[in-house]
Amino acid sequence: MKMRSFVATALAAFAGGLLVVPVVVACVLVPTTLKTPPTGTSIGSPAKNTLYFCPRVIQGITFPTTLTNASEPWVSGTTINIADIPTVPGSVKKKHRFSIKLTSKKRHLKGNGIPNHSFGRFPVPSSSDAYSYYAALPAQGYANAAEIPVRQYDMSLTVPRNPKVQPRPSCIESLAVGIASQTGAAIHAEVAVSADFKAVSPSAALPYDKCWGHPYAEQYHYHGFSWKCFPNQGKKGEPSPLYGYAADGFGIYGPYSEGPRRGAVTGSTRKPITNAQLDECHGHYGWIRWDGKKKYMYHYHTNNEYPYTIGCLRGKVGQMSTVMRQLGH
Ligand SMILES: [Zn+2]
């Protein structure tokens, strides 16, 4: 793992002295590898380093309860080598709509599912290195998964404004597990089905576009290291900012956690958070910035260890639009 700091310093000559323009330092974690789960990892109960995926039957076939590691060229053992993954090319811009409305009790997230940044070309161009991986996958209503376009859809999620941790974590029902509020696009659970009906980590099995996004059922969404495209990465030495909201209303923050000091959103650990420091849902308690105030509450973090965003849901899942709720059934 390496860290890249963007430092912009400007000095301007000033009559009789120097005017120093404030230094802007952003801190972006740029992982070179991701940790992916080995074959046989259970997705049937809440545990660290995996997902807790609700059992389901798809077209009469029981969905696997363990993961199978993909053997794509960018996977070696339980390591994904990011530099070796092909990219779905393109820089497509589409009309983006997204808003968050707050009431005293609720948070309403609503948009057309199109991110505020440009994304890859879907259907996947047959000339690209990514094409064969998509073409090998069947897709309902299409010749294969390479044919799936990105279209706008009813992306909506209503959650409690101040969610409460439930006695037991919930399994992941819909593939849509959250919304990146920085960009207005959905975040999906890190599980997919292979051509031979195995449950796989999508980041080990499929190339994405430059933002680690792609469509499922025509809905553009993120996986793995997608947070590279989120515009606000935070400042060096400070905890990562909010990236989005999970399906239960808790916040999803970047890889730099707030420190252990109580009472202040300061004291970043300065090192990206690891799964060992997070619970089985990929979250923990801490002092975070929440609706402009400091608050000690539960939240999730992104990092480069599977499942990268959310492993299970510690709160009650809110209300999703039908097209989102039905994903993966
Ligand atoms: Zn934290």
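Our subject is the structure listed above.
Rules behind the numbers
Residues numbered from 1 in each chain as written. Predicted model: local features only at pLDDT ≥ 70, side-chain atom pairs only at ≥ 80, totals over all residues. Helix = DSSP H or I, 4+ residues; strand = E, 2+ residues; numbered from the N terminus. Buried ≥ 20, exposed ≤ 12 C-beta atoms within 10 Å, placed from the backbone. Contact = placed C-beta atoms within 7 Å. Core = buried A, V, L, I, M, F, W, Y, C linked by C-beta atoms within 7 Å. Pairing = 2+ DSSP bridges. Axes fitted to C-alpha atoms, helices over the stretch in contact; angles between N-to-C directions.

Trainee: Would you mind showing me how to read the environment of W227 here?
Mentor: Topologically, W227 is positioned in the loop between β16 (219-222) and β17 (242-246). Residue classification places W227 among the buried positions, given that 27 C-beta atoms sit within 10 Å. Setting aside chain neighbours within four positions, we find W227 in contact with Y243, G254 and T302.

Trainee: Help me understand the nonpolar core, please; the structure alone is not making it clear to me.
Mentor: Generally speaking, nonpolar side chains in soluble globular proteins are found buried as a group. With 71 residues, the main nonpolar core has I172, V177, I179, A189, A246, A247 and L313 as its most contacted residues. When sequence neighbours within four positions are dropped, the list of residues in contact with L313 reads P169, S170, I172, A246, A247, D248 and C281.

Trainee: How should I be thinking about the sheet that holds strand β20 (residues 293-301) in this particular structure?
Mentor: Each strand in a sheet pairs with its neighbour through backbone hydrogen bonds, running either in the same direction (parallel) or in the opposite one (antiparallel). Pairing within the open sheet is mixed, and its eight strands lie in the order β15-β16-β12-β11-β17-β18-β20-β19. Each edge of the open sheet is held by one strand with a lone partner, namely β15 (213-216) and β19 (283-290). Between one strand axis and the next, the sheet turns by 45 degrees as a mean value, whatever way the strands run.

Trainee: Explain unusual backbone geometry here, please?
Mentor: Peptide bonds are, in most cases, trans, and in most cases residues other than glycine have a negative phi. Each neighbour pair has its own omega, and for F122 with P123 the value is 0 degrees, a cis peptide bond. Along the chain, the position of P123 falls in the loop between β9 (106-111) and α1 (131-135). Going from Y306 to P307, the amide bond is cis rather than trans, its omega being 10 degrees. Its location among the elements puts P307 in the loop between β20 and β21 (319-320).

Trainee: Would you mind showing me how to read the pairing of β9 here?
Mentor: Taken residue by residue, a regular strand's side chains alternate between the two faces of the sheet. Of the two faces of β9, only one is covered, namely that formed by R107, L109 and G111; the face formed by K106, H108 and K110 stays uncovered. Relative to β9, strand β8 (residues 98-102) runs antiparallel, the two being bridged by five bridges. Among the inter-strand pairings, L102 is bridged to a residue of β9, identified as R107. The turn linking β8 back onto β9 is made up of three residues. Pairing of β9 with strand β10 (residues 155-160), which is carried by six bridges, proceeds in the antiparallel orientation. By the bridge assignment for β10, H108 is matched with T158.

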